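Coordinate analysis (summary)
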Amino acid sequence: MTKSDEPIVRLDNVSRQLVLGGQKIDIVRGVTLAVERGESLVIVGSSGSGKSSLLELMGTLSRPSSGTVFWGAQRLSQMSARKLLELRRKRLGFVFQSANLIDHLSAVANVALPLAYAGYPKSKRVRLSHEWLEKVGLSSVADRPASRLSGGERQRVSIARALAGAPDLVLADEPTGSLDQATGQIIMDLMVSLVGNQRNLVVVTHDASLQHRFNRSVHMAHGQITVNTHAPVTSCA
Ligand SMILES: Nc1ncnc2c1ncn2[C@@H]1O[C@H](COP(=O)(O)OP(=O)(O)OP(=O)(O)O)[C@@H](O)[C@H]1O
Ligand SMILES: [Mg+2]
């Protein structure tokens, strides 16, 4: 486990380069960023600026071409495959733009699935999944297949799914991107309040009206951080 005074995740001069058709593209360039415990952070920037790529690096879904990613005091590059898998399953929660639910499974089964991978016994999985569906206001549709839920309901299920395993860090990439603005506001409020101060939240969003909910804003352009402030930025390029 990490010590409580260390950042939950820290990127130290991290770059990610891709080679496409023989051409090198720098999609993240020399980013240094620490997410402190209890912090909620919003990442904004224009399309193609590298926001999702940065989130993927934080979430261990991709590896840097240079620089170092730390989880607590531990370098990701020195973690065994087993430790890395355990980190993803137990300490990280993901929310994506399209809820990424399994359509033929019920709402409650979707929430329970990652708990199975994280090793929870069945009775606890069932209890926790129902508890979290209640917290997101969906008890009445717990047994309904995900394919028959509205966009807002699907995103509520994906928030319950990300949080049910009590992860240290929740990463959300445009979680309101496919919702109307009013529903988006409700979903963002719900996520911020459910994450609370005990866990960390990093959200990528285009919607400037959602940014004041976070205690820190990071603005990206061309793969780099251009603004890193504890007061929310007021506009999004
Ligand atoms: N797998 C990939 N192959 C080729 N190029 C990629 C790949 N992933 C990302 N890129 C490029 O890297 C840059 C950053 O992409 P990224 O998805 O991180 O941007 P973004 O800020 O999340 O954009 P958006 O707001 O549109 O989601 C873009 O120019 C994109 O085209
Ligand atoms: Mg993106």
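To start, this report covers the structure provided alongside it. (Residues numbered from 1 in each chain as written. Chains lettered and ligands numbered in written order. Predicted model: local features only at pLDDT ≥ 70, side-chain atom pairs only at ≥ 80, totals over all residues. Heavy atoms only, no water.)

1. Remarks on the overall build of the protein chain
For the protein chain, the helix and strand inventory stands at 6 helices and 10 strands. A globule of 237 residues ought to have a C-alpha radius of gyration of about 18 Å, and the protein chain, at 18 Å, matches this closely. On the principal axes, the C-alpha backbone points of the protein chain span a range of 50 × 40 × 40 Å. Here the protein chain, with 237 residues, has 48% of them falling under the buried criterion. The contacts in the protein chain between residues at least 6 apart in sequence include a share of 70% that link residues at least 24 apart. Summing over all exposed atoms, the protein chain offers an accessible surface of approximately 11,200 Å²; the carbon and sulfur share of this is 48%. Taken together, the 28 basic and 19 acidic charged side chains of the protein chain have centroids lying 7 Å from each other. (Helix = DSSP H or I, 4+ residues; strand = E, 2+ residues; numbered from the N terminus. Rg over C-alpha atoms; globule rule 2.2 N^0.38 Å. Buried < 20%, exposed > 50% of the residue type's maximum accessible area, 1.4 Å probe, protein only. Contact = heavy atoms within 4.5 Å. Areas by Shrake-Rupley, 256 points an atom, 1.4 Å probe, with all protein chains shown as cover. Lys, Arg positive; Asp, Glu negative; His and termini not counted. Charge placed at Lys NZ, Arg CZ, Asp CG, Glu CD.)

2. Notes on the side chain of Ser-129
Looking at the secondary structure, you find Ser-129 in helix α4 (residues 122-135). Looking at Ser-129, its side chain comes within polar contact range of the main-chain nitrogen of Ala-112, at 3.4 Å. (Polar contact = N/O pair within 3.5 Å; in protein donor to acceptor, adjacent residues only side chain to side chain.)

3. Examining the pairing of strand β1 (residues 9-20)
When β1 meets strand β2 (residues 23-35), the two strands line up antiparallel, connected through 9 bridges. By the bridge assignment, Leu-18 is partnered in β2 with Ile-25. Linkage of β1 to β2, two consecutive antiparallel strands, is achieved through a turn of 2 residues, within which Gly-21 is found at a positive phi near 55 degrees. The sheet contact formed by β1 and strand β4 (residues 66-71) spans 5 bridges and is antiparallel. The residue of β4 that forms the bridge with Ser-15 is Ser-66. (Pairing = 2+ DSSP bridges.)

4. Thoughts on the environment of Tyr-120
Among the structural elements, Tyr-120 can be located in the loop between α3 (107-117) and α4. The spacing of Tyr-120 and Gly-165 is 45 residues in sequence and 8.8 Å in space, taken between C-alpha atoms. In this structure, Tyr-120 is in contact with Leu-115, Arg-125, Leu-128 and Gly-165, ignoring residues within four places of it in sequence. Within the structure, the side chain of Tyr-120 is placed 3.4 Å from the backbone oxygen of Gly-165, a separation counted as a polar contact.

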